[in-house]
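# Examination of the molecular architecture
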Amino acid sequence: MNAGWRQRKWGLIRLASPIVLVALWQMGSALGLISQDVLPAPSLIVEAGIEVLQNGQLVDALRVSGIRVVEGLLLGGIVGVALGTAVGLSRWFEATVDPPMQMVRALPHLGLIPLFILWFGIGELPKVFLVALGVSFPLYLNTFSAIRQVDPKLFETAQVLGFSFWQRFRTIIVPSAAPQVLVGLRQSLAIAWLTLIVAEQINADKGIGFMINNARDFLRIDIIIFGLIVYALLGIGTDAIVRELERRALRYRT
């Protein structure tokens, strides 16, 4: 009973803390302590959200931005996990693939936006490729590291039992590496939304970033903040999905 209450207590505190913060924000705005020209009251931001929801702007922006993130995540995820697996399993791949990957990782991928526009135009490709580039490295590093940290005694046991390569991969490497790869996926999701925020505000005619950029031209700070809140909620929501996937996939660890 006490343990259950302690768990619920911390859950309630986590829920209450943002509510208290918003209440203080609203109170500060009502008392004139916070300028509406700098930071509109939460009630005005909610009204702006209802406005873009009713005129269809938000739904269309969510659809476009969601497709971009999913496409970039799939492309970058496949490349990152595949290369991380190859490098983790083979010293030859580590010697040939890892140095160029580390060199590219050192580049600020958001700084490549002008180059991507010149290479791929102003359509969907540069945005998707930027997201893919950003998400590939956390998955690559975590996959590579996870495979190299598998207990060598498990491989020795598998060798004694006469396991084939695919049997070792399926029964030893995948279960052992899965927790760290899922951590890489959570990191990649955060980078995906961060990359999309920048890409859509520089070079887009649709999406949440475009909605924010358009609101800036009309000095609609309330819509700008609402758009940023949407990005934050999408990031938290996708992270929660991966955490639930992690909990279900790794039930054997408990």
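Residues numbered from 1 in each chain as written. Predicted model: local features only at pLDDT ≥ 70, side-chain atom pairs only at ≥ 80, totals over all residues. Heavy atoms only, no water.

This part takes up a nonpolar patch on the surface. On the surface, a cluster of nonpolar side chains totalling about 550 Å² of accessible area is made up of V20, L24, M27, L31 and L33. Position of V20 relative to the elements: it lies in helix 1 (residues 2-30). Given a relative accessible area of 48%, V20 falls into the partly exposed group. (Patch = residues over 30% accessible without salt bridge, like charges linked within 9 Å, V, L, I, M, F, W, Y side chains within 5 Å. Areas by Shrake-Rupley, 256 points an atom, 1.4 Å probe, with all protein chains shown as cover. Salt bridge = Lys/Arg side-chain N within 4 Å of Asp/Glu carboxyl O. Helix = DSSP H or I, 4+ residues; strand = E, 2+ residues; numbered from the N terminus. Buried < 20%, exposed > 50% of the residue type's maximum accessible area, 1.4 Å probe, protein only.)

Counting residues in each nonpolar core, the largest one holds 32 residues, and the members touching the most others are V52, L58, L185, I208, M211, I223 and F226. When contributions to this core are tallied by element, the ones reaching two or more residues are helix 2 (42-54), helix 3 (57-89), helix 6 (125-148), helix 8 (165-202), helix 9 (208-217) and helix 10 (221-249). Counting residues per element, this core draws most heavily on helix 8, at nine residues. Not counting the four nearest positions on each side in its chain, I223 is found in contact with A48, E51, V52, M211 and A215. Core analysis: the second largest hydrophobic core is formed by twelve residues, V97, L130, F144 and A199 among them. (Core = buried A, V, L, I, M, F, W, Y, C linked by side-chain atoms within 4.5 Å. Contact = heavy atoms within 4.5 Å.)

Glancing now at the pattern of salt bridges. One pass over the full model with this rule turns up nine salt bridges. The shortest N-O distance in the salt bridge between D217 and R216 comes to 3.3 Å. A salt bridge links R220 to D222; the shortest N-O distance between them is 3.0 Å. Through salt bridges with shared partners, one network takes in E51, R220 and D222.

Glancing now at the side chain of S188. In this structure, S188 sits in helix 8. Judged by its relative accessible area of 0%, S188 falls in the buried class. Discounting residues that sit within four places of it in the chain, S188 has contacts with L73, V135, P138 and L139.

Considering the arrangement of structural elements, one finds E51 in helix 2. Judged by relative accessible area, E51 falls into the partly exposed class, the value being 35%. For the pair E51 and W193, spaced 142 residues apart in the sequence, the C-alpha separation amounts to 23 Å. Apart from the residues within four sequence positions on either side, E51 is in contact with R220 and I223.

Of all residues in the chain, 94% attain a pLDDT of 70 or more, and the chain-wide mean is 85. Confidence scores differ between elements of the chain, with helix 1 showing the lowest mean pLDDT of 77 and helix 3 the highest of 92. (pLDDT = per-residue confidence, 0-100.)

It is worth spelling out the packing of helix 5 (residues 113-120) against helix 6 at this point. Orientation of helix 5 relative to helix 6, taken along the N-to-C sense of each, is 135 degrees, at an axis distance of 9 Å. One way to sum up the angle between helix 5 and helix 6 is to call them oblique. Helix-helix and strand crossings are classified by hand; for helix 5 and helix 6 the assignment is right-handed. Every residue of helix 6 that contacts helix 5 at I113, F116 and F120 is listed here: L125, P126, F129, L130 and L133. In the contact of helix 5 with helix 6, the residues fall into eight nonpolar, no polar and no charged. (Axes fitted to C-alpha atoms, helices over the stretch in contact; angles between N-to-C directions. Parallel < 35°, antiparallel > 145°, perpendicular 65-115°, else oblique. Left-handed = near helix turned anticlockwise from the far one by under 90°. Nonpolar A, V, L, I, M, F, W, Y, C, P; charged D, E, K, R; others polar.)

For the structure shown, the criterion picks out eight aromatic pairs. Taking the centre distance of 5.4 Å and the plane angle of 80 degrees together, the rings of F116 and F120 count as edge-to-face. Taken as a pair, F116 and F120 lie in helix 5 at a separation of four residues, close to a single helical turn. An aromatic cluster is built from F116, W119, F120 and F129, whose rings are joined through pairwise contacts. (Phe/Tyr/Trp six-rings, centres within 6.5 Å; stacked < 30°, edge-to-face > 60°.)

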